[in-house]
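# Inside the fold
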Amino acid sequence: MDGRRRRAGRWLRSERAVPTALVVAVLLVAAGTLLYDVVAVRAGGQARPWRRELSQQLATRHLDDPWVLGIAGGAVVLGLLLLWLAFARGLRGWLALEPRGAAIHRRAVAALIARRAQQRPDVHSWQVKVGRRRTRVTLTGTTDPAGAERELRAELARVPLAAPHRLDVRTRAVHERHHRRELAELEPPR
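It should be emphasised that the depicted structure is a prediction, and the values quoted were computed from it without experimental measurement. (Residues numbered from 1 in each chain as written. Predicted model: local features only at pLDDT ≥ 70, side-chain atom pairs only at ≥ 80, totals over all residues. Heavy atoms only, no water.)

The helix and strand tally for the protein chain stands at 6 helices and 5 strands. When the helices and strands of the protein chain are read in sequence order from the N terminus, they spell out α-α-α-α-β-β-α-β-β-α-β. When burial is assessed residue by residue, the protein chain has 26% of its 190 residues classed as buried. In the protein chain, 63% of the contacts between residues at least 6 apart in sequence involve partners at least 24 apart. Taken as a whole, the protein chain presents about 13,600 Å² of accessible surface, with 58% of it coming from carbon and sulfur. (Helix = DSSP H or I, 4+ residues; strand = E, 2+ residues; numbered from the N terminus. Buried < 20%, exposed > 50% of the residue type's maximum accessible area, 1.4 Å probe, protein only. Contact = heavy atoms within 4.5 Å. Areas by Shrake-Rupley, 256 points an atom, 1.4 Å probe, with all protein chains shown as cover.)

In this model helix α5 (residues 106-118) runs 18 Å from its N-terminal to its C-terminal C-alpha over 13 residues, within 8% of the 18 Å that 1.5 Å per residue would give. Listed in full, the buried residues belonging to α5 are Arg106, Ala108, Val109, Ala110, Ala111, Ile113, Ala114 and Ala117. Looking at the packing, one finds that the buried side of α5 touches β1 (94-96), β2 (103-105), β3 (123-130), β4 (134-141) and α6 (145-157). (Expected span 1.5 Å × (residues − 1).)

What follows deals with a nonpolar patch on the surface. On the surface, Leu27, Leu78, Leu81, Leu82 and Trp84 cluster together to form a nonpolar patch covering roughly 400 Å² of accessible area. A total of 4 residues in the nonpolar patch trace back to one element, the largest contributor, which is helix α4 (residues 66-87). If you trace the backbone, Leu82 turns up in helix α4. What makes Leu82 partly exposed here is its relative accessible area of 36%. (Patch = residues over 30% accessible without salt bridge, like charges linked within 9 Å, V, L, I, M, F, W, Y side chains within 5 Å. Salt bridge = Lys/Arg side-chain N within 4 Å of Asp/Glu carboxyl O.)

Together, Lys129, Arg136, Arg170 and Arg172 make up a positively charged patch on the protein surface. Here Arg136 shows up in strand β4. Accessibility expressed as a relative area gives 35% for Arg136, which makes it partly exposed. (Lys, Arg positive; Asp, Glu negative; His and termini not counted. Charge placed at Lys NZ, Arg CZ, Asp CG, Glu CD.)

Taken as a whole, this structure holds 9 salt bridges when the rule is applied. The partner of Arg61 in a salt bridge is Asp65, with the nearest N and O atoms 2.9 Å apart. Of the charged contacts in the structure, one is a salt bridge between Glu155 and Arg158, with a shortest N-O distance of 2.8 Å. Take Arg158: its relative accessible area is 61%, and that puts it in the exposed class. One network of salt bridges, with partners in common, ties together Arg116, Arg120, Asp122 and Glu151.

Core analysis: the largest hydrophobic core is formed by 22 residues, its most contacted members being Ile104, Val128, Val137, Leu139 and Leu152. Listing elements by their share of this core, those giving two or more residues are α5, β3, β4, α6 and β5 (166-172). Ranked by residue count, the leading element in this core is α5, at 6 residues. Other than its neighbours up to four places away in sequence, Leu139 contacts Ala117, Val123, Ser125, Trp126, Ala148, Leu152, Val169, Arg170, Thr171 and Arg172. (Core = buried A, V, L, I, M, F, W, Y, C linked by side-chain atoms within 4.5 Å.)

It is worth spelling out α4 at this point. In this model, α4 (22 residues) spans 31 Å end to end at C-alpha, consistent with the 32 Å of a helix rising 1.5 Å per residue. For α4, the capping residue at the N-terminal end is Asp65, with a side-chain oxygen 2.9 Å from the backbone nitrogen of Trp67. (Polar contact = N/O pair within 3.5 Å; in protein donor to acceptor, adjacent residues only side chain to side chain.)

As structure tokens, this is what we get:
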């Protein structure tokens with residue numbers, strides 16, 4: 001059961017997962033083939049015919065040759081693809097839910113917990129940070145820590161998260177510089 005819940009966070013797959021796997025597989029095969037041939041030559045064997053042909057072509061063709069320009073263009077496209085894969089948004093902002101394939105944004109979970117904290121009359125301000133495996137809540141006011149943690153834990157339990165999620169609640173005394181935060185700051189984007 002615990003192993004199944006631990007794997008549950010892997011249900012979500014980013015749009016970039018398949019292109020990344022394909023690019024990595026192609027690069028590994030190409031690098032492995034080239035490395036194998038280099039090691040074979042260093043060990044006293046002969047280079048493969050494709051490598052001899054490639055070396056000869058690179059030595060005889062000019063930079064303005066269409067083949068050289070085409071290979072350079074392909075390298076640029078591959079580089080741009082790798083950059084896109086590196087900077088494309090993933091699913092780190094989302095948490096997997098129990099119905100397989102469903103997800104909830106971290107900001108939505110933060111808004112739920114913040115609403116619950118706002119309902120307590122002895123809480124003057126709050127800060128909610130939802131991570132992938134843990135939620136940290138800092139409450140400022142004269143609130144009872146055990147009661148606040150119990151309420152917030154019950155609110156978090158209403159969200160059917162697929163993987164175990166920890167809740168850390170901290171309380172601080174009231175200071176004059178603290179003001180009540182607007183709930184609109186914690187609303188999820190539309």
